[in-house]
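# Reading the structure
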Amino acid sequence: MTPPPTLLLALMLGLTGAQATVDLRTAAAMAAGLCKTRPTDLVFIVDSSRSVRPSEFEQVKVFLAKVIEGLDVGPNATRVGVVNYASRVKNEVSLKTHRTKAGLVKAVTRVEPLSTGTMTGLAIQFALNVAFSENEGGRAKSPDISKVAIIVTDGRPQDNVKDVAQRARDAGIEIFAIGVGRVDMSTLKQMASEPLDDHVDYVESYSVIEKLTKKFQEAFCACSNSATDVVFLIDGSKSVRPENFELVKKWINQIVDKLDVSDTKAHVGLVQYSSLVRQEFPLGRHNNKKDLKEAVKKMAYMERGTMTGQALRYLTDKSFSAGHGARPGVSKVGIVFTDGRSQDYIGEAAKKAKEMGFKMYAVGVGNAVEGELKEIASEPTGEHYFYTADFKAMTQIAKKLQINICHEEDPCECDSLVKFQKKVEEALQALTKKIENMSKRIAVLENKIV
């Protein structure tokens with residue numbers, strides 16, 4: 001009879017009794033891949049107007065609890081508050097009140113619906129004036145601390161939301177708007193931050209709101225094992241045109257915003273090509289987002305031809321070399337952008353980049369050739385090449401392009417899985433020694449019996 005998984009793990013670890021219980025809990029937590037989230041002041045703004053039935057409100061609370069379970073909660077990590085509203089507003093959970101997940105989840109389960117009107121604007125104003133204030137546990141404005149509000153509503157507000165939402169966004173609060181059922185979509189868009197596709201969500205009923213849990217867990221997730229070298233290879237040929245080249249630069253910075261740029265984490269390099277190849281800046285020159293984005297904005301448009309093959313050779317031979325700032329033992333990611341057919345052969349250089357272990361993304365706009373994009377992209381190609389006919393739709397690609405900087409499927413599982421695997425490996429080694437010693441004793445006993 002095969003032992004249950006927990007018992008089997010205990011046997012593997014060579015543990016018994018209380019020691020087994022404690023260490024199994026630790027191992028299980030490691031295996032679960034608890035996410036390290038960016039320091040964030042997060043406030044849920046939850047509609048509990050009379051249109052939200054009690055059973056539906058319970059489903060909202062389950063959703064809140066599940067998002068909280070995926071966060072790195074703590075005084076110096078993520079702080080969570082909950083604002084409940086209908087015709088009036090109630091501060092259910094302050095950012096300063098609960099410093100543990102267990103306390104937060106318990107507080108969420110106790111929230112009761114107010115069951116009156118829908119004063120969403122009033123609730124946003126309350127969050128801006130009170131919930132995010134330092135008196136309630138909000139931290140001083142800093143580039144290292146994110147301020148996020150998640151609004152959940154199922155109806156049309158009875159007051160104005162546009163102006164107050166703008167004031168909140170201007171104050172540095174990133175707003176996500178979740179609409180349920182017969183919600184008014186136009187008001188969701190008035191409330192949410194840009195890009196709207198990232199910040200507006202709709203579900204047909206409260207019974208399926210839980211499907212958004214993963215999105216928000218990933219939105220706050222910052223993998224602590226995120227050292228990576230990223231190089232953008234940007235087509236500056238004359239077919240791009242100056243106004244579109246400005247959109248390309250904004251697109252680059254949209255992706256930069258998603259990276260954890262620092263001395264020890266993500267380094268970014270930028271190369272522009274047309275008939276020639278020009279390094280705009282190498283890896284490691286700009287190690288904070290502000291300087292990096294400013295350097296991207298200053299990139300001057302080259303015009304001329306489209307020598308993508310030559311640019312790819314530059315990437316493999318120089319961009320990821322130590323002489324150009326690349327770090328040994330760090331993941332390498334190449335992001336190639338083009339708007340047309342290459343005027344030279346790309347096959348050999350594209351193949352070499354992948355053989356060298358670089359993760360290659362290919363992004364095409366307008367007259368870009370799908371076959372060339374697929375040839376550049378890493379496997380599976382469906383996850384590594386993107387195309388849009390219009391430069392203005394490039395924000396959609398930036399949203400879809402997830403640079404996975406860890407080797408596991410979920411980047412936030414890196415550290416926890418490594419620790420867990422190390423623990424199991426050490427336990428297996430210890431168990432192997434025990435088996436060897438036991439085998440020797442058995443051999444001695446057998447000799448005595450003979």
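A brief look at the structure comes next. Everything numeric in this text was worked out from a predicted model, so none of it was measured.

About the thresholds
Residues numbered from 1 in each chain as written. Predicted model: local features only at pLDDT ≥ 70, side-chain atom pairs only at ≥ 80, totals over all residues. Heavy atoms only, no water. Helix = DSSP H or I, 4+ residues; strand = E, 2+ residues; numbered from the N terminus. Buried < 20%, exposed > 50% of the residue type's maximum accessible area, 1.4 Å probe, protein only. Contact = heavy atoms within 4.5 Å. Areas by Shrake-Rupley, 256 points an atom, 1.4 Å probe, with all protein chains shown as cover. Axes fitted to C-alpha atoms, helices over the stretch in contact; angles between N-to-C directions. Parallel < 35°, antiparallel > 145°, perpendicular 65-115°, else oblique. Nonpolar A, V, L, I, M, F, W, Y, C, P; charged D, E, K, R; others polar. Pairing = 2+ DSSP bridges. Core = buried A, V, L, I, M, F, W, Y, C linked by side-chain atoms within 4.5 Å.

### Topic: the overall build of the protein
A tally of regular secondary structure across the protein gives 17 helices and twelve strands. Expressed as a percentage of its 450 residues, the buried residues of the protein come to 49%. Counted over contacts in the protein with a minimum sequence separation of 6, partners at least 24 positions apart contribute 76%. Per element, the accessible surface of the protein, about 22100 Å² overall, is 52% carbon and sulfur.

### Topic: the side chain of Ser193
Here Ser193 is to be found in the loop between α7 (185-191) and α8 (196-199). By relative accessible area, Ser193 is classed as buried at 8%. Every residue in contact with Ser193, bar those within four places of it in the chain, is listed here: Arg169, Ile173, Glu174, Ile175 and His199.

### So, the packing of helix α3 (residues 54-69) against helix α4 (residues 101-109)
Running from N to C, α3 and α4 cross one another at 170°; their axes reach a closest spacing of 9 Å. As judged from the angle between their axes, α3 and α4 are roughly antiparallel. Every residue of α4 that contacts α3 at Lys61, Leu64, Ala65, Ile68 and Glu69 is listed here: Lys101, Leu104, Val105, Val108 and Thr109. A breakdown of the residues in the contact of α3 with α4 according to their chemical character gives six nonpolar, one polar and three charged.

### Structural notes on the sheet that holds strand β5 (residues 173-180)
Consider a sheet: its strands pair through backbone hydrogen bonds, and that pairing is either parallel or antiparallel. Pairing within the open sheet is mixed, and its six strands lie in the order β3-β2-β1-β4-β5-β6. Both outer strands of the open sheet, β3 (89-93) and β6 (200-203), are each paired with one neighbouring strand and no more. Across the sheet, the mean angle separating the axes of adjacent strands is 20° when strand polarity is ignored. Note that strand β2 (residues 78-85) and β3 share four bridges and pair antiparallel. Opposite Val82, over in β3, you have Val93 as the bridge partner. Helix-sheet contacts for α3 involve β1 (40-47), β2, β4 (146-153) and β5, and the interaxial angle to β1 is about 170°.

### Some remarks on unusual backbone geometry
In this chain, Glu194 is followed by Pro195 through a cis amide linkage whose omega measures -10°. With respect to the helices and strands, Pro195 occurs in the loop between α7 and α8. Note the cis peptide between Glu379 and Pro380, where omega equals -10°. Inspection of the secondary structure assignment puts Pro380 in the loop between α14 (370-376) and α15 (381-384). In this structure, Arg241 takes a positive phi of about 75° despite not being glycine. In this structure, Arg241 sits in the loop between β7 (228-235) and α10 (242-256). Within the chain, Glu303 stands out as a residue other than glycine whose phi angle is a positive 65°. Within the secondary structure, Glu303 is located in the loop between α11 (289-297) and α12 (308-319). In this structure Glu303 comes out as partly exposed when scored by relative accessible area, which is 38%.

### Quick look at the nonpolar core
Core analysis: the largest hydrophobic core is formed by 32 residues, its most contacted members being Phe44, Phe63 and Ile150. Residue assignment for this core shows that the elements contributing at least two residues are β1, α3, β2, α4, β4 and β5. When residues of this core are assigned to their parent elements, the largest contribution, seven residues, is made by α3. Residue contacts for Phe44: discarding those within four places in its chain leaves Leu64, Val67, Ile68, Val80, Gly81, Val82, Val83 and Ile150. Listed in part, the 28 residues of the second largest apolar core include Phe245, Ile252, Val296 and Val365.

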